[in-house]
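As a plain string of letters, each chain reads:
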Amino acid sequence: DFSESNTNLTLYTINEPWLYSVLWCSGVSSVSSDAPHILNKVPYPIWLMRPDKYCLMWVSADLISFAVVIGIFIFQKYRMSGMRSYNPEQIMLSAAVRRSSRDINVMKEKLIFSG
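Residues numbered from 1 in each chain as written. Predicted model: local features only at pLDDT ≥ 70, side-chain atom pairs only at ≥ 80, totals over all residues. Heavy atoms only, no water.

I'd like to hear about unusual backbone geometry, residue by residue, with values.
With the exception of glycine, most residues fall at negative phi, and the peptide bonds are largely trans. One non-glycine residue, Thr 13, adopts positive backbone phi at about 45°. As for its placement among the helices and strands, Thr 13 is situated in the loop between strand S1 (10–11) and helix H1 (17–26). For Thr 13, a relative accessible area of 47% corresponds to the partly exposed category. (Helix = DSSP H or I, 4+ residues; strand = E, 2+ residues; numbered from the N terminus. Buried < 20%, exposed > 50% of the residue type's maximum accessible area, 1.4 Å probe, protein only.)

Take a look at the structure:
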C-alpha cells in the first residue's frame, strides 16, 4: 500500500542482521540502526535455513496435509458404510418425529416437486 502511494517507511533501531534480512525481503524501503557497522556487512538477505531443508520442510508439510485429507475421506467412507445407501429423503424422514402418513406423503411430494 505504501509503495503505491509513493510513501517511504523507515523502521527504527534495527540492530540484528536476521531482522534486517527479514525486513529486506519484506520490501521495507529503509531502516535506522544503532549498529550500522554490523548491518553494513550484510550484502544480501540471510537465509536462516538452507534451501534444500526449506524445500524438504514444505514437501513434508504438503505430504502430511495430503495424508490428513485422505484420512478424513476414509473415515467418512467408513462412517457412511453403515448406511445401505445414501438417501436424503430417508435420512430426513427417519430423523423426524413420528407423523401421520398424510404428513409424510405431503413431505415426499414437496421433496419431489421442489427439485
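Now, about the packing of aromatic side chains: what can you tell me, with residues and values included?
The tally for this structure, following the rule as stated, stands at two aromatic pairs. Between Tyr 20 and Trp 24, the aromatic rings sit 5.7 Å apart at their centres with planes inclined by 50°, giving tilted as the arrangement. Taken together, the residues Tyr 20 and Trp 24, both in helix H1 and four residues apart, mark about one turn of the helix. For Trp 24, a relative accessible area of 36% gives the class partly exposed. Ring centres of Tyr 54 and Trp 58 lie 6.3 Å apart, and the angle between their planes is 70°; this geometry places the pair in the edge-to-face category. Of the two residues, Tyr 54 and Trp 58 both sit in helix H3 (residues 51–80), four residues apart, roughly one turn of that helix. (Phe/Tyr/Trp six-rings, centres within 6.5 Å; stacked < 30°, edge-to-face > 60°.)

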